[in-house]
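# Observations on the three-dimensional arrangement
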Amino acid sequence: QVQLVESGGGLVPAGGSSRLSCAASGRMFSIYYMGWFRQAPGKEREFVAQVMYSRGSTSYADSVKGRFTISRDITRNTIYLQMNSLKPEDTAVYYCAADQGAGTSYKYWGQGTQVTVSS
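Residues numbered from 1 in each chain as written. Predicted model: local features only at pLDDT ≥ 70, side-chain atom pairs only at ≥ 80, totals over all residues. Heavy atoms only, no water.

Turning our eyes to something else, we now look at the nonpolar core. Membership of the largest hydrophobic core comes to 31 residues, with the highest contact counts inside it found for Leu 4, Met 34, Trp 36, Ile 79, Leu 81 and Tyr 94. Elements with a minimum of two residues in this core: strand 1 (2-7), strand 3 (18-26), strand 4 (33-39), strand 5 (46-52), strand 7 (68-73), strand 8 (78-83), strand 9 (92-99) and strand 11 (113-118). Considering each element in turn, this core owes the most residues, four residues, to strand 9. Leu 81 has contacts with Ser 18, Arg 19, Leu 20, Trp 36, Val 48, Ala 49, Phe 68, Thr 69, Ile 70 and Tyr 94, leaving out every residue within four places of it along the chain. (Core = buried A, V, L, I, M, F, W, Y, C linked by side-chain atoms within 4.5 Å. Buried < 20%, exposed > 50% of the residue type's maximum accessible area, 1.4 Å probe, protein only. Helix = DSSP H or I, 4+ residues; strand = E, 2+ residues; numbered from the N terminus. Contact = heavy atoms within 4.5 Å.)

With that settled, consider the state of the cysteines. Under the counting rule described, the total for this entry stands at one disulfide. A disulfide bridge connects Cys 22 with Cys 96, and the sulfur atoms are separated by 2.0 Å. In this structure, the disulfide formed by Cys 22 and Cys 96 twists by about -75 degrees around the S-S bond and is classed as left-handed. Residue Cys 22 is located in strand 3, and its partner Cys 96 is located in strand 9; the two are separated by 74 residues in the primary sequence. Exposure remark for Cys 22: the relative accessible area of 0% places this residue in the buried category. Judged by relative accessible area, Cys 96 falls into the buried class, the value being 0%. (Disulfide = S-S within 2.5 Å.)

Function-wise, these values are silent; they only describe arrangement.
This is how it looks when you write it as structure tokens:
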């Protein structure tokens, strides 16, 4: 099992920045990817960004590319999402997720943290 706890978020003005953190614990050796997803009111959950936990390579949704940066600190078992140039459409509950090995889908999810961008 892997446990994920997000922190950060809150109310941010448009154009502002915010950083989310996700602390992981448990069977960390099995994780291949960790990522961030978000769900806006009335919409389905969508992919935001992910990081290959061991190598650090990253990928992003087109909607956040160039504005968001995902990173990880293996010594702290933590990943981060630095969000810059925030837009009202970035308003959502942001979830941290982890898979259970190479080629597997995301299985473990955090409780989510609200990010609200005011216009």
